[in-house]
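Structural overview
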Amino acid sequence: MATWSNFNLQNSASPLMEQIIFFHDHTLIILIMITILVGYLMINLFFNSYINRFLLEGQMIELIWTIIPTITLIFIALPSLRLLYLLDELNNPLITLKSIGHQWYWSYEYSDFNNVEFDSYMIQYNKSTPDNFRLLDVDNRIILPMNNQIRIMVTAADVIHSWTVPSLGVKIDANPGRLNQTNLFINRPGIFFGQCSEICGANHSFMPIMIESVSIKNFINWINNYS
C-alpha cells in the first residue's frame with residue numbers, strides 16, 4: 001500500500017505491475033531528455049545575438065525536427081502496445097472471481113465453488129480497532145492464492161464503478177449490463193488495497209477493495225471452512 005510521503009509508484013506485487021513501472025520509467029527518461037533539450041534551445045534563443053534578415057526557409061532543419069519526434073514516438077509506442085497486449089492476455093486461469101459493484105460496497109462470487117459469495121463493506125471508523133486500516137479495511141476480505149493465474153469478472157448493479165488495485169496493476173471499469181474481464185497473478189503473500197476510482201457518486205472512494213494473498217494450501221483450507 002502507499003506509505004507516508006511516498007511520491008513513487010507502489011511496490012509491485014505482480015509481473016504486470018512490474019512491466020507498468022518499467023514502462024513508466026522508460027517514458028519518463030525520454031520526457032526528461034526532451035525537456036532538457038527544449039529548455040537548452042530556448043535559453044540559447046534568449047541570449048544569442050544571431051540574426052539573418054534574408055533567411056526564408058530551412059528545409060533540412062524542418063526535416064530533422066519532423067523525423068526525430070517520429071522516432072521518439074515509436075520508442076514510446078512499441079513498448080506501450082506490447083504492454084497493452086500483456087495486460088489483456090489470459091492463459092489457463094486457476095480460479096474465477098466475479099466482482100459486482102454496488103453503492104457503496106462490493107459483492108464477490110467464487111464461480112468455481114458452490115455458495116462461496118459475500119458482500120464486502122468498509123469497516124466504519126467508530127467500529128474499527130487499532131489493527132484496522134482507516135477507510136481501507138473491510139469486513140470480508142478477498143482471499144486469493146499467490147503464484148496462480150486468476151480471472152476477474154467485473155460488473156456493476158447500479159452505476160459505473162471501477163475495480164482498481166494499484167500494486168497489482170489492475171484497473172477495470174464495472175459497467176451495468178456488461179461483464180468485463182481482467183487477470184491477476186500475485187507473486188508474493190500480503191494484503192493489497194484498492195478503491196473504486198470511477199466517479200460513481202460522492203462516496204465512491206469509500207468502497208475499498210482488500211485482497212489477501214495466501215498460499216494455495218491456505219486458500220483450499222479457507223474454501224473448505226467457508227463451505
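Residues numbered from 1 in each chain as written. Predicted model: local features only at pLDDT ≥ 70, side-chain atom pairs only at ≥ 80, totals over all residues. Heavy atoms only, no water.

1. Topic: helix H1 (residues 15-47)
Taking 1.5 Å per residue, 33 residues should reach 48 Å; H1 reaches 49 Å between its end C-alpha atoms and fits that length. Within the span of H1, buried status applies to Leu 16, Met 17, Ile 21, Thr 27 and Ile 30. Buried positions along H1 lie against helix H2 (59-88) and strand S8 (180-185). (Helix = DSSP H or I, 4+ residues; strand = E, 2+ residues; numbered from the N terminus. Expected span 1.5 Å × (residues − 1). Buried < 20%, exposed > 50% of the residue type's maximum accessible area, 1.4 Å probe, protein only. Contact = heavy atoms within 4.5 Å.)

2. A look at the sheet that holds strand S4 (residues 142-145)
Pairing within the open sheet is mixed, and its 5 strands lie in the order S4-S10-S9-S6-S7. Each edge of the sheet is formed by a strand with only one pairing partner; in this case those strands are S4 and strand S7 (170-174). When strand polarity is set aside, the average angle formed by the axes of neighbouring strands in this sheet is 25°. Here 2 bridges tie strand S6 (residues 161-165) to strand S9 (residues 190-196), and the two strands are oriented antiparallel to one another. The residue bridging Thr 164 from the neighbouring strand is Gln 195, located in S9. (Pairing = 2+ DSSP bridges. Axes fitted to C-alpha atoms, helices over the stretch in contact; angles between N-to-C directions.)

3. As for unusual backbone geometry
Backbone phi values are negative for most residues with the exception of glycine, while trans is the configuration of most peptide bonds. Trp 104 follows Gln 103 through a cis peptide bond whose omega is 5°. Residue placement: Trp 104 occurs in the loop between strand S1 (95-102) and strand S2 (105-110). Even without being a glycine, Asn 115 presents a positive backbone phi close to 60°. Tracing the sequence through the fold places Asn 115 in the loop between S2 and strand S3 (117-120). Overall, the relative accessible area of 68% leaves Asn 115 in the exposed class. Of note, Leu 135 is a non-glycine position whose phi angle comes to about 65°, a positive value. Its place among the elements puts Leu 135 in the loop between S3 and S4.

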